[in-house]
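# Per-entry structural report
Residue-level listing of the chains:
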Amino acid sequence: MTTSTSPGEISGKPGLLFRGAEADIVAGTWQGMQAVYKVRKPLTYRLPLLDESIRRQRTIREAEMIHLSRRAGVPTPYLYEVDVPGSTIVMEYIGGTRLRDMVGSMGDDAARGAFREFGAAAARLHSAGIVHGDLTTANVIVRGGALVFIDFGLSFRATRLEDQAVDLRLIKETLTGAHPGASRLALDALFEGYSKVSGTAKFRAVQRQLRSIERRGRYARVA
Amino acid sequence: MKRYIAGVESTAHTFSVSVVSSEGEILSNAKSVYKPPEGAGIHPFEASQSHISSAPAVLTQALEGSGVGLGDLSAVAYARGPGLGPCLRVGAVVARTLASSLGVPLVPVNHAVGHIELGCLLTKTVDPVVLLVSGGHTMIIAYAGGRWRILGESLDLTLGQLLDQFGRHHGLASPCGRAIEEAASSSRNYLRLPYAVKGNDVSFSGLLTASKQLLDGGESFSDVSYSIQETAFAMVTEVTERALAFTGKREVMIVGGVAANIRLSQMMSTMSARHSARLTATPLEYSGDCGAQIAWTGWLAYKSGVSVPVAESGVTQSWRLDNVDIAWRD
């Protein structure tokens, strides 16, 4: 990758697209192309020592995971540049709408299709040894008919059933937490899509692990 | 016309009775807190014995101190759960007796929902992302579609347990939060500890083990206290920030016993400012377990039609707050 700008500097007219929990997502250009800059600004509530190492580690790992995920057949933005000292990743701009903002207005069939694809992508990541770590509906952009996965900031390489189940648990938590109305249909479709890619045996194993994690939760009663 | 309700809290170490009015005035909030021996945690049976012996005095103090006549109570609320069985049963017996003798309805309340609703009342918070941190809970919660929803939580220990178990390892008695906070305030030496954020959830078990090992390896209690606070509080602040960014809400509220920690509120305040959200914290007197949280939430539930016949008024040790239908919010 070539460096066209000094570390952390955003070329083009920068526009804050989104202030996330750990990074600002800024629109700009890179080599004349429309681009997104993901800038991990220092979080001042954290000790600088702790904060720097977390930002550095997450920047490197995220770039790696975005790349590996695409190789595993899951659409992700193309990487343009990784600036480790500036904890900034420059990547392809994905035009579209976050799945989170569409769920409420989607018809049942469209929702079923989208969540089936969501589940299938999760299974593809898992079988490639990747755990996304932040599988929420806010981190999926619907572009045309396809789902593009973003925000690999908490992703890591793992093949443990436990980590894969935690991944699915977050989707479940998000669906029941943020989209209570659509959660049953969405979850069923999601699991269906997952199972189709992973195979039934593997899917059952992840489900068992998921239930075991839920039972470990405080005051949980799991049917 | 103003109405009155009594609430009984006894989920863990605190036995407390409070009387509140339908206008949200807290007229009394008497309590007695069971203190375990040095180096030990709450023994459920011992705690329940302590509650039994302090119940008559606490009840009398709360009822007489409120200035409300017994005949003016519209209902009696009790903490049905979650909590320690033997402790919960003491509160349930007291509440049942009071309700039956007055001939008024008995209202079951979820203790965690109680923390949140009392916090909202006292800080005039309307629709917050809630960080509930105590010995019994570590959860990030927001209201949506008829229930308080859990957006993230600890996968193992609660923040209170982390601090207590670490403190007890050093020979302190639970609750150890204040002693750890004091010890931490004299250190600026950060020792590296595992930082475990998994999605919207946190995990403290590795952090506890590593912290104990540092102590055993000869590091000072004050340095390890500082490091455990910096690490654990940054973790819960980060997941709260994630929930805030995700939901787009404008208010953040800290409730539960650990809300009393100044370093935690500093971090939460810095984080909230970044998102232009208003941070509120329940006043110290009411941030820990107390009867007022049960009485006030009991009132909200009672006025929306919730009550339970004495014969069915059991306790529920495991009762997640996202299983409670909230009829009084929309």
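About the criteria used
- Residues numbered from 1 in each chain as written.
- Chains lettered and ligands numbered in written order.
- Predicted model: local features only at pLDDT ≥ 70, side-chain atom pairs only at ≥ 80, totals over all residues.
- Heavy atoms only, no water.
- Core = buried A, V, L, I, M, F, W, Y, C linked by side-chain atoms within 4.5 Å.
- Buried < 20%, exposed > 50% of the residue type's maximum accessible area, 1.4 Å probe, protein only.
- Contact = heavy atoms within 4.5 Å.
- Phe/Tyr/Trp six-rings, centres within 6.5 Å; stacked < 30°, edge-to-face > 60°.
- Helix = DSSP H or I, 4+ residues; strand = E, 2+ residues; numbered from the N terminus.
- Domains from an automatic or database assignment.
- Buried area = accessible area lost by both parts, 1.4 Å probe.
- Salt bridge = Lys/Arg side-chain N within 4 Å of Asp/Glu carboxyl O.
- Polar contact = N/O pair within 3.5 Å; in protein donor to acceptor, adjacent residues only side chain to side chain.
- Nonpolar A, V, L, I, M, F, W, Y, C, P; charged D, E, K, R; others polar.

### Some thoughts on the nonpolar core
- If you look at the biggest cluster of nonpolar residues, it comprises 52 residues, and the most contacted ones within it are B:L159, B:F204 and B:L264.
- With residues up to four places along the chain from it excluded, the contact list for B:L159 reads B:V133, B:S134, B:T138, B:F204, B:A232, B:F233, B:V236 and B:V258.
- Membership of the second largest hydrophobic core comes to 43 residues, among which are A:F118, A:L125, A:L168 and A:A186.

### Some points on the packing of aromatic side chains
- In this structure the tally under the stated criterion is eight aromatic pairs over all chains.
- Considering the side-chain rings of A:W30 and A:Y80, the 5.2 Å spacing of their centres and the 15 degrees angle between planes classify their relative orientation as stacked. Of this pair, A:W30 sits in strand β2 (residues 24-30) while A:Y80 sits in strand β4 (residues 79-83), placing them 50 residues apart in sequence.
- The exposure class assigned to A:W30 is buried, which follows from its relative accessible area of 9%.
- Centre to centre, the rings of B:F166 and B:F221 are 5.5 Å apart; their planes meet at 15 degrees, and the pair counts as stacked. Separated by 55 residues along the polypeptide, B:F166 in helix α4 (residues 159-169) and B:F221 in helix α7 (residues 221-247) bring together distant segments of the chain.
- With a relative accessible area of 14%, B:F221 lands in the buried category.
- An aromatic cluster is present here, built from A:F115, A:F118 and A:F149 joined pairwise through their rings.

### A short note on the environment of A:P85
- Positionally, A:P85 belongs in the loop between β4 and β5 (88-92).
- Taking the relative accessible area as the measure of exposure, A:P85 reaches 74% and is therefore exposed.

### Points about the domain arrangement of chain B
Residues and elements named next belong to chain B.
- The domain architecture assigned to chain B consists of domain 1 (4-115 + 287-323) and domain 2 (124-284).
- Each of domain 1 and domain 2 has a C-alpha centre, and these two points are 26 Å apart.
- With 18 residues of domain 1 at the interface, the matching set in domain 2 holds 21 residues.
- Taking both sides of the interface into account, the surface hidden between domain 1 and domain 2 amounts to around 1600 Å²; carbon and sulfur atoms contribute 56%.
- Put simply, domain 1 and domain 2 have one salt bridge between them.
- For R320, the salt bridge goes to E153, with nearest N and O atoms at 2.9 Å.
- Where domain 1 touches domain 2, the interface holds five residue pairs in polar contact (both at pLDDT 80 or more).
- If one sorts the elements of the side of domain 1 that touches domain 2 by residue count, helix α3 (residues 111-123) sits on top with four residues.
- Of the residues in the side of domain 1 that touches domain 2, the class split is seven nonpolar, seven polar and four charged.

### Re unusual backbone geometry
- Of note, the amide linkage connecting B:G81 to B:P82 takes the cis form, showing an omega dihedral of -10 degrees.
- Considering the arrangement of structural elements, one finds B:P82 in the loop between β4 (73-81) and α2 (85-102).
- In this model, B:S174 is joined to B:P175 through a cis peptide bond whose omega is -10 degrees.
- Along the polypeptide, B:P175 turns up in the loop between α4 and α5 (177-184).
- Of note, the phi angle at A:Q31 is positive, near 50 degrees, even though the residue is not glycine.
- Checked against the element boundaries, A:Q31 lands in the loop between β2 and β3 (33-39).
- You will see that B:K124, though not glycine, has its phi angle at about 50 degrees, which is positive.
- Residue position: B:K124 is located in the loop between α3 and β6 (129-133).

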